Number of protein chains: 2
Amino acid sequence: MNNKRQGTLFVISGASGTGKGTIINSLLENHKNDLFLSVSATTRSPRKGETNGVHYFFKTEDEFKELIENDGLLEWACFCGNYYGTPKKTVDGMLGRGIDVILEIEIQGAMKIKAKDIGAKFIFILPPSFEELRKRLVERRTETEDVVEKRLQTAKEELQYAVEYDYVIVNDEVDKAVEQIEFIINAEKCRVHKNLNLISEVQKS
Amino acid sequence: MNNKRQGTLFVISGASGTGKGTIINSLLENHKNDLFLSVSATTRSPRKGETNGVHYFFKTEDEFKELIENDGLLEWACFCGNYYGTPKKTVDGMLGRGIDVILEIEIQGAMKIKAKDIGAKFIFILPPSFEELRKRLVERRTETEDVVEKRLQTAKEELQYAVEYDYVIVNDEVDKAVEQIEFIINAEKCRVHKNLNLISEVQKS
């Protein structure tokens, strides 16, 4: 009976260094058939090792603008002269088939989707502390000290948006954070408005 | 950090024969320290084997009316000349200590609590089908055929209130139903408004 249920769009945000990527990879690994990661469209050039349709849908500026005009994007933005956006078609297709979709996106994009009121659920990932976040960013050894401090400052500023989300997860231990998101995904499947078909089937039985 | 989180009141309803009791006992067994079953107050006389404070808080009519006058009840009703109600004090005490509370209650009582808008979450337990519900009620051998038919009719009428709840659970297999309620309980712990202290602690770190 349950396969008539519409999927849920889970929008996940969190500062650089909170471990979003690791958490999401682990979630996808655990849910190969019922969880799909939304792939963004962009006009920027592919980097070495990036595959079209896997890392991004690479588009020309004309193609991207056509998507905008045809209301083909859930949200879009322009950074450093390149367009980035979330194609609506694949997301809607998955949700329609009852598959939940994860969208990893920065706060501004998440807030644009929230404003559309399309039933998405918003999860904010917190570091255990800013001390720990600094440690993680430093240990990556990919950024200079200045960049690390700037990222921390941004993360602190962005934290004020956490209250705009539905759920918060502290990434203290990855396995625990993954488990908590799984609780949320499974609980959302029990929402009344996701089960109106089921209620009506029981009613008719 | 998390122990500053306020508990959640979970209001559970479902027709006679849906197996609410079995599900709730199993939940309490799994969560001896972090889940508490609310005990109702009543003016009816204790039946054989019933213990004050375990099955009910047995009250005189004067004591019960005093509770009503002092706003000491989350909800109350009068059936067959006896008063029944949910004492606020114990529930609030548990929630304040971060312990989640389960309240098993019929739909009218649940709707009274919903109207109070105190942040409770409402779970409706469905039978897999009315055919199965009839089978379960008949197998109990505690009711006559007429009573079984009347219970089924009531259950069908009550099903229309399911949409007023936050979550629905189908009790097809008890273990699965218990697991789904555990998903809900755990997901609700991640709600942003339950974690404002946590967010502010990270902010200060």
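Residues numbered from 1 in each chain as written. Chains lettered and ligands numbered in written order. Predicted model: local features only at pLDDT ≥ 70, side-chain atom pairs only at ≥ 80, totals over all residues. Heavy atoms only, no water.

Asks: Could you give me a rundown of the relation of the copies chain B and chain A, with the residues and numbers involved?
Replies: Between the two chain copies there is a screw-like relation: a rotation about an axis and a shift along it. When chain B is fitted to chain A, the best match, at an RMSD of 0.0 Å, comes from turning it 180° and sliding it 0.0 Å along the axis. In short, the pair behaves as if placed about a two-fold rotation axis. Closest approach to the rotation axis within chain B is made by the C-alpha atom of Phe 183 of chain B, at a distance of 2.3 Å. The overlap is high: 100% of the interface residues of chain B also sit at the interface in chain A, so the same surface is used on both sides. (Least-squares fit on C-alpha atoms with pLDDT ≥ 70 in both. Contact = heavy atoms within 4.5 Å.)

Asks: Can you lay out the nonpolar core for me, pointing to particular residues and giving the numbers?
Replies: Buried together is how nonpolar side chains tend to be arranged in soluble globular proteins. Judged by nonpolar contacts, the single largest core of 40 residues is most densely connected at Ile 181 of chain A together with Ile 181 of chain B. In this view, Ile 181 of chain A contacts Ile 12, Ile 23, Leu 27, Ile 123, Ile 125 and Ile 169 of chain A; residues no more than four positions away in its chain are not counted. (Core = buried A, V, L, I, M, F, W, Y, C linked by side-chain atoms within 4.5 Å. Buried < 20%, exposed > 50% of the residue type's maximum accessible area, 1.4 Å probe, protein only.)

Asks: Run through the confidence of the model for chain A, naming residues and quoting values.
Replies: Averaged over every residue, the pLDDT of chain A is 93; residues scoring 70 or more account for 99%. Here the prediction assigns the complex a pTM of 0.93, and the interface score ipTM is 0.92. (pLDDT = per-residue confidence, 0-100.)

Asks: Quick one: what's the story with the pairing of strand β6 (residues 82–87) of chain A, residue by residue and with numbers?
Replies: Residue and element names in this part refer to chain A. Along β6, 5 of the 6 residues are buried, which leaves the element largely enclosed by surrounding structure. Bridging between strand β3 (residues 41–42) and β6 involves 2 bridges; their strand directions are antiparallel. Along β6, the bridge assignment pairs Ala 41 with Gly 85. Looking at chain direction, strand β5 (residues 73–79) and β6 are connected through 5 bridges and run antiparallel. If you follow Ala 77 over to β6, its bridge partner there is Tyr 84. (Helix = DSSP H or I, 4+ residues; strand = E, 2+ residues; numbered from the N terminus. Pairing = 2+ DSSP bridges.)

Asks: Describe in detail helix α6 (residues 145–158) of chain A, supporting the description with residues and values.
Replies: All names here are of chain A. Its 14 residues place the ends of α6 20 Å apart at the C-alpha level, agreeing with the 20 Å of an ideal helix rising 1.5 Å per residue. The complete set of buried residues in α6 reads Val 148, Leu 152 and Ala 155. Buried residues in α6, looked at end-on, bunch into an arc of 60°, giving them a common side. In α6, the exposed residues that point more than 90 degrees away from the buried face are Asp 146 and Lys 150. Those residues of α6 that are buried are in contact with α5 (130–140). (Expected span 1.5 Å × (residues − 1). Arc of directions from axis to C-beta.)

Asks: How would you summarise the interface of chain B and chain A if you had to cite specific residues and measurements?
Replies: With 34 residues of chain B in contact, the opposing surface of chain A contributes 34 residues. Both faces considered, chain B and chain A share a buried interface measuring about 2,900 Å² in area, 68% of it formed by carbon and sulfur atoms. Area buried by chain B at its contact with chain A is led by Cys 190, Val 192 and Val 202 of chain B, which between them contribute 19% of it. In this assembly, chain B and chain A are joined by 0 salt bridges. Joining chain B to chain A, the criterion identifies 10 residue pairs in polar contact (both at pLDDT 80 or more). Ranked by residue count, the leading element in the side of chain B that touches chain A is helix α7 (residues 174–188) of chain B, at 6 residues. Taken together, the residues of the side of chain B that touches chain A sort by class into 22 nonpolar, 7 polar and 5 charged. (Buried area = accessible area lost by both parts, 1.4 Å probe. Salt bridge = Lys/Arg side-chain N within 4 Å of Asp/Glu carboxyl O. Polar contact = N/O pair within 3.5 Å; in protein donor to acceptor, adjacent residues only side chain to side chain. Nonpolar A, V, L, I, M, F, W, Y, C, P; charged D, E, K, R; others polar.)

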